[in-house]
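Remarks on the overall topology
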Amino acid sequence: MEIDRRLFIAGLGGAAAVATMGPEAKADAIEDFMIEELAAEDTAKFPTVAEVEAQIETRSYRRGAGSLFIATRGNVKKLDPMPEKPTLIDFYNHRFGGVVRHCLQSANHAQKTGMPEEIIFACLLHDVVQSMMKSDHGWWGAQLFEPYVSEKVTFAIRYHAALRFYPDPSVGYEYPDLYKRIWGEDYKPPAYVETTYKMVRKHKWYMAPRMVTVNDLYAFDPNVQVTLDPFVDIIGRNFKQPKEGLGNDNSPVAHMWRTIINPDAPL
Ligand SMILES: [Fe+2]
Ligand SMILES: [Fe+2]
């Protein structure tokens, strides 16, 4: 597939934003761009669950693996060195990869539509854990951030992924076509997702993860150029950055940050 270079760079936030991206992040972004373009070409036809399952043995990797650990085409690249005391922003710039663009677009949409700061912040964080783990990513993401963010932001991240399977017309949220594509059009979520949905639906904070799903945009809009800059102050106010650096603070999740810093460690 031919990549429209101008459209691609614009979608990443312009040449200045691209200049701050490492080679791995660029490779991820190209991958995402092509997936989106392909999806746009073929919106009418969705696979069945059986067809999705039949694809498993056509791959050398499992779909739940984080993008830091696999190159779906060619080989993985050397990662940028990280500072000794890495901050959350260092992870956006050097590790989280292609999913950053999706999170920036979601946070930008939340900001433009007047969402509270906690929701904008939750949107900014909601999927970045997919660089490490895609399966059950709501739970993994909440765990990664729990020591550093408010309980409500943790709640929003943990449950956004389960809520994505359930429409809520009161806020204009519909089941996404992307899910029909990646899960199969006849997919039914497992019992634990259904149970989680029922619990969250009755919870006083239901609207927090729900608003993450409302702002969870997969559409590629070349006219929206988003960088991390407008969110730096929001991160400053809402993220308890450990002074030792993420990975060095002996928190219960420090090892998860170290794994993202060095996914090449063989043990
Ligand atoms: Fe998500
Ligand atoms: Fe998302």
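Bear in mind that the values here come from a model prediction, so they are computed numbers and not experimental data. (Residues numbered from 1 in each chain as written. Chains lettered and ligands numbered in written order. Predicted model: local features only at pLDDT ≥ 70, side-chain atom pairs only at ≥ 80, totals over all residues.)

**Focus on the packing of helix α8 (residues 137–145) against helix α9 (residues 151–163)**
The geometry of α8 relative to α9 is characterised by a closest axis approach of 7 Å and an angle of 170 degrees between their N-to-C directions. Here α9 runs roughly antiparallel to α8, going by the angle between their axes. Every residue of α9 that contacts α8 at His137, Gly138, Trp139, Gly141, Ala142 and Phe145 is listed here: Thr154, Ile157, Arg158, Tyr159, His160, Ala161 and Ala162. Residues belonging to the contact of α8 with α9 are distributed by class as follows: seven nonpolar, five polar and one charged. (Axes fitted to C-alpha atoms, helices over the stretch in contact; angles between N-to-C directions. Helix = DSSP H or I, 4+ residues; strand = E, 2+ residues; numbered from the N terminus. Parallel < 35°, antiparallel > 145°, perpendicular 65-115°, else oblique. Contact = placed C-beta atoms within 7 Å. Nonpolar A, V, L, I, M, F, W, Y, C, P; charged D, E, K, R; others polar.)

**Details of the nonpolar core**
Of all hydrophobic cores here, the largest spans 42 residues; its most connected members are Cys103, Ala107, Ile119, Ala122, Cys123, Leu124 and Leu125. Those elements giving two or more residues to this core turn out to be α5 (88–94), α6 (99–112), α7 (117–125), α8, α9, α12 (207–214) and α14 (254–261). Ranked by residue count, the leading element in this core is α7, at seven residues. If we skip the residues at most four places from it in the chain, Leu125 touches Cys103, Gly141, Phe145 and Ile157. Among the nonpolar cores identified, the runner-up in size contains five residues, and Tyr159, Ala161, Ala162 and Val200 belong to it. (Core = buried A, V, L, I, M, F, W, Y, C linked by C-beta atoms within 7 Å. Buried ≥ 20, exposed ≤ 12 C-beta atoms within 10 Å, placed from the backbone.)

**Re the environment of Leu124**
Examined against the element boundaries, Leu124 turns out to sit in helix α7. The class for Leu124 is buried, based on 26 C-beta atoms found within 10 Å. Taking the C-alpha atoms as reference points, Leu124 and Ser106, 18 residues apart in sequence, are found 6.8 Å from one another. Look past the residues within four positions of Leu124 in its chain and what remains in contact with it is Cys103, Ala107 and Phe231.

**Here's the deal with α8**
The buried count for α8 comes to seven of nine residues, which makes it a mostly enclosed element. The inward-facing, buried residues of α8 contact α7, α9 and α14.

**Brief notes about the packing of α7 against α9**
Two measures define how a pair of helices packs: the angle their axes make with one another and the distance between the axes. At a minimum axis separation of 9 Å, α7 and α9 run at an interaxial angle of 45 degrees. With respect to α9, the axis of α7 lies oblique. Note on packing geometry: the crossing formed by α7 with α9 is right-handed. Where α7 abuts α9, its residues Glu118, Ile119, Phe121, Ala122 and Leu125 lie against Lys152, Val153, Ala156 and Ile157. A per-class count over the contact of α7 with α9 returns seven nonpolar, no polar and two charged. (Left-handed = near helix turned anticlockwise from the far one by under 90°.)

Read these as geometric descriptors, not functional statements.
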